[in-house]
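If you want the building blocks of each chain, they are given just below.
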Amino acid sequence: MLIRMATVDDVDAINGIYNHYVLTAVCTFHLEPVTHEERLAWLRAHGERHPVIVAEIDGHVVGWASLSHYRERPAYRNTAENSVYVHPDHHGKGIGKRLMMDLLNQARAIGYHTILAGATASETASIKLHESLGFTQVARLKEVGYKFDRWHDVLFLQLMLE
Ligand SMILES: CC(C)(COP(=O)(O)OP(=O)(O)OC[C@H]1O[C@@H](n2cnc3c(N)ncnc32)[C@H](O)[C@@H]1OP(=O)(O)O)[C@@H](O)C(=O)NCCC(=O)NCCS
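Please read these numbers as outputs of a predicted model, since none were measured by experiment.

Chemist: Please explain the environment of Lys-147 as it appears in this structure.
Modeler: With respect to the helices, strands and loops of the structure, Lys-147 is situated in strand E6 (residues 136–147). By relative accessible area, which is 2% here, Lys-147 ends up buried. Sequence separation between Lys-147 and Val-26 is 121 residues; the distance between their C-alpha atoms is 6.8 Å. For Lys-147, the side chain forms a polar contact with the main-chain oxygen of Ala-25, separated by 2.8 Å.

This is the structure we're talking about:
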């Protein structure tokens, strides 16, 4: 498996993985698939401090991860929020963990102080993945999401890097 920086050629593969979860799961609170143009703009807005990486097996993108602004106001500049998505055919093979380890190494190199992950409270895989990397649960936001005809709590998990 190769972990590398994402390029504009990966936009459809990134979206293919993500939009599967938009339509089937509550791990993302998008309700409609993200378009090619929206994802391209998202990728282009991710500069050096906000890497987007992909995991590739035999030339196929099987997962991706990113660092994004937690909030844009400048005092938050040493904090980032991460995302990680693995193709459903490739769960449980260590791909999510490899992506996260690479992303956290990049976060340390950039100099981030802390990383946050928002996880829907029912999403055990995401919570366990982050906890396996040292993230701890620091907040539970009650019923902030409404998808598939029900309310969802969101957990914030946090890793201090320095
Ligand atoms: C969460 C997700 C990225 C995990 O990816 P993955 O490649 O299947 O996970 P890995 O095989 O690398 O497993 C990493 C760790 O998470 C744990 N884990 C993964 N899936 C799990 C599950 N279904 N139940 C419990 N623990 C799980 C593993 O036990 C492993 O811990 P370990 O290294 O201590 O053994 C994947 O399930 C996914 O894409 N889910 C949908 C998207 C999502 O929820 N993203 C997070 C939002 S930011």
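Chemist: Would you take a moment to explain helix H1 (residues 11–24) for this structure?
Modeler: It helps to recall that an α-helix has 3.6 residues per turn; residues three or four apart then point in one direction. Here H1 is 14 residues long and its end C-alpha atoms lie 20 Å apart, about the 20 Å a rise of 1.5 Å per residue gives. Against helix H2 (36–45), strand E2 (52–57), strand E3 (60–69), strand E4 (79–86) and E6 lie the buried residues of H1.

Chemist: Would you mind going over the nonpolar core with me for this structure?
Modeler: Core analysis: the largest hydrophobic core is formed by 27 residues, its most contacted members being Leu-67, Leu-99, Met-100, Leu-104, Tyr-112, Ile-115 and Phe-135. Of all the secondary-structure elements, those providing two or more residues to this core are E2, E3, E4, helix H3 (95–110), strand E5 (114–120), helix H4 (124–132) and strand E7 (150–160). Counting residues per element, this core draws most heavily on H3, at six residues. For Leu-99, the residues in contact, after removing those within four places along its chain, are Ile-3, Ile-53, Val-54, Ala-55, Gly-63, Trp-64, Ala-65, Val-84, Tyr-85 and Val-86. Grouped together as the second largest cluster of nonpolar side chains are 16 residues, Val-11, Tyr-18, Ala-25 and Val-61 included.

Chemist: Looking at this model, I keep getting lost on the site of the ligand. Mind explaining?
Modeler: The environment of the ligand is made up of 18 residues, and the closest members are Val-84, Gly-92, Gly-94, Gly-96 and Lys-97. The separation between an oxygen atom of the ligand and a polar main-chain atom of Val-86 is 2.9 Å. In this structure, Ile-95 approaches the ligand through a main-chain N or O atom, which is 3.5 Å from an oxygen atom. For the ligand, whose free accessible area comes to 930 Å², the fraction covered by protein is 72%. Among the detected pockets, the ligand sits in the largest pocket. Those elements that provide at least two residues to the shell around the ligand are E4, H3 and H4. Among the elements that take part in the shell around the ligand, H4 stands out by supplying five residues, more than any other.

Basis of the calculations
- Residues numbered from 1 in each chain as written.
- Predicted model: local features only at pLDDT ≥ 70, side-chain atom pairs only at ≥ 80, totals over all residues.
- Heavy atoms only, no water.
- Helix = DSSP H or I, 4+ residues; strand = E, 2+ residues; numbered from the N terminus.
- Buried < 20%, exposed > 50% of the residue type's maximum accessible area, 1.4 Å probe, protein only.
- Polar contact = N/O pair within 3.5 Å; in protein donor to acceptor, adjacent residues only side chain to side chain.
- Expected span 1.5 Å × (residues − 1).
- Contact = heavy atoms within 4.5 Å.
- Core = buried A, V, L, I, M, F, W, Y, C linked by side-chain atoms within 4.5 Å.
- Near = heavy atom within 4 Å.
- Areas by Shrake-Rupley, 256 points an atom, 1.4 Å probe, with all protein chains shown as cover.
- 1 Å grid on protein atoms, 1.4 Å probe; cavity = no way out; pocket = protein on both sides within 12 Å on 5 of 7 lines; lining within 4 Å.
- Sits in = over half its atoms within 2 Å of the grid points.

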